[in-house]
Amino acid sequence: MSNISIIGLGNMARTIAARAVAGGNAVEVVGRDAVRAETLAEALGGGVTAGQFGTAPAGDIVILAVPHDNAAPVVAQYGPALAGKVIIDITNAFDSDATGLTTADGTSIAQEVARVAPADAHVVKAFNTVFGSALAQGRPLDVLVAGDDAQAKATVAAFITSLGLRPLDTGSLDMARWLEETGVVMMGLGRHGVGNFDFTLGVVTSA
Ligand SMILES: NC(=O)c1ccc[n+]([C@@H]2O[C@H](COP(=O)([O-])OP(=O)(O)OC[C@H]3O[C@@H](n4cnc5c(N)ncnc54)[C@H](OP(=O)(O)O)[C@@H]3O)[C@@H](O)[C@H]2O)c1
């Protein structure tokens, strides 16, 4: 069982929280609007609590379920309150028509988050290649992960597994750039080859 806090009260926050509750995890939801956070916690049930935005999260794992341009600012705003936490960045930095990224070449939102996070926090990229609509259906999916700290990735992998999903490590946090680019590929697939957003990318091995 993991202790997780989710910052954000939107689509992905709700979807991940629901799967996390079903997987037996302790879940806290946190939003700028305390009343809406409380309402969401009650709707989720399963002992979900509402945390206070900007104060130390209850979870050992903190999921950033906010728009990409707010991810690093939120982490900077929290400052030392995130010391020692494993921070999961799920964001996609799509440009206005989701055919490219807003980040400069050679970096990623996850790396920008890591730059402003406390020195002893560990940032892991995960879930950005999973559409919320596919996640909500409860099927087993592959979740691509990137991060620099092996223990933090093991912690995140255990959490992902508890959701009935398969974590797949892609390497160091530098790989977050390519995971964010993969998000753009998925938007292209949704609009063209697949024709809807009820799918995910997965890995098939021959043995
Ligand atoms: N939707 C998907 O299928 C999907 C898939 C993979 C990854 N993602 C990524 O997941 C993230 C969330 O997506 P979503 O679909 O859940 O978006 P959403 O439904 O629009 O929810 C975004 C949430 O972020 C909150 N928020 C915004 N700025 C904030 C701030 N400065 N501090 C605290 N909370 C803030 C919003 O709160 P307010 O209501 O107070 O504004 C809202 O609750 C995005 O980065 C997206 O790229 C989405």
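All values reported here derive from a predicted model rather than from experimental measurement. Counting from 1, residues in each chain are numbered in the order their sequence is written. Thresholds applied to this predicted model are a pLDDT of at least 70 for local features of residues and 80 or more for the giving and counting of side-chain atom pairs; totals over whole chains, interfaces and linings are not thresholded and use all residues. Computation of side-chain values: all heavy atoms of the structure, hydrogens and water removed.

Asker: Sorry if this is basic, but what is going on with the packing of helix α3 (residues 68-78) against helix α4 (residues 109-116) here?
Answerer: The packing of two helices is summarised by the inter-axis angle and the distance between the axes. Orientation is described by axes fitted as lines to C-alpha atoms, over the contacting stretch for helices, and by angles from 0 to 180 degrees between their N-to-C directions. Helix and strand definitions here come from DSSP, where helices need a minimum of 4 consecutive H or I residues and strands a minimum of 2 consecutive E residues; each element is numbered from the N-terminal end. Relative orientation of the contacting elements α3 and α4 amounts to 15°, with a least axis distance of 8 Å. Classed by the angle they form, the pair α3 and α4 counts as roughly parallel. As for how α3 packs across α4, the hand of that crossing is right-handed. In this structure, α3 uses His68, Ala71, Ala72, Val75 and Ala76 to contact α4, whose residues at the interface are Ile109, Glu112, Val113 and Val116. Tallied by class, the residues present in the contact of α3 with α4 amount to seven nonpolar, one polar and one charged. Convention used here: angles under 35 degrees read as roughly parallel, angles over 145 as roughly antiparallel, angles from 65 to 115 as roughly perpendicular, and any remaining angle as oblique. By the definition used in this description, the sense in which the near helix is turned from the far one sets the handedness, with an anticlockwise turn below a right angle giving left-handed and a clockwise turn giving right-handed. We call two residues contacting when some pair of their heavy atoms lies within 4.5 Å. When residues are sorted by character, Ala, Val, Leu, Ile, Met, Phe, Trp, Tyr, Cys and Pro go into the nonpolar class, Asp, Glu, Lys and Arg into the charged class, and all the rest, Gly among them, into the polar class.

Asker: What exactly am I supposed to notice about the sheet that holds strand β5 (residues 86-89) here?
Answerer: Hydrogen bonds between backbone groups are what pair the strands of a sheet, and the pairing can be parallel or antiparallel. In this description, strands pair whenever DSSP reports at least two bridges between them. Ordered in space as β3-β2-β1-β4-β5-β6-β7-β8, the eight strands form an open sheet in which the pairing is mixed. Each having just a single partner strand, β3 (49-52) and β8 (166-169) make up the two edges of the open sheet. Looking at each pair of strands side by side, their axes are set apart by 30° on average, direction ignored. Relative to β5, strand β4 (residues 61-64) is paired through four bridges, and the arrangement is parallel.

Asker: How should I be thinking about the packing of aromatic side chains in this particular structure?
Answerer: Classification of ring pairs rests on two measures: the distance between centres of Phe, Tyr or Trp rings, Trp counted by its six-membered ring, which must be within 6.5 Å, and the angle between planes, read as stacked under 30 degrees, edge-to-face over 60 and tilted in between. Scanning the model with the defined rule gives four aromatic pairs in all. Ring geometry for Phe53 and Tyr78: centres 5.4 Å apart, planes at 85°, overall edge-to-face. Remark: Tyr78 occurs in helix α3 and Phe53 occurs in the loop between β3 and β4; sequence separation between them is 25 residues. Every member of this aromatic cluster is reached through a ring pair, and the members are Phe131, Phe197 and Phe199.

Asker: I'm lost on the environment of Leu141 in this one. Help?
Answerer: In this fold, Leu141 is placed in the loop between α5 (132-136) and β7 (142-147). Buried residues are those whose accessible area, probed at 1.4 Å on protein chains only, stays under 20% of the maximum for their type, while exposed residues exceed 50% and partly exposed ones sit between those limits. For Leu141, a relative accessible area of 6% puts it in the buried group. Spatially, the C-alpha atom of Leu141 lies 13 Å from that of Ala157, the residues being 16 residues apart in sequence. In this structure Leu141 touches Val130, Ala134, Leu135, Gly164, Leu165, Arg166 and Thr200, once residues within four positions along its chain are discounted.

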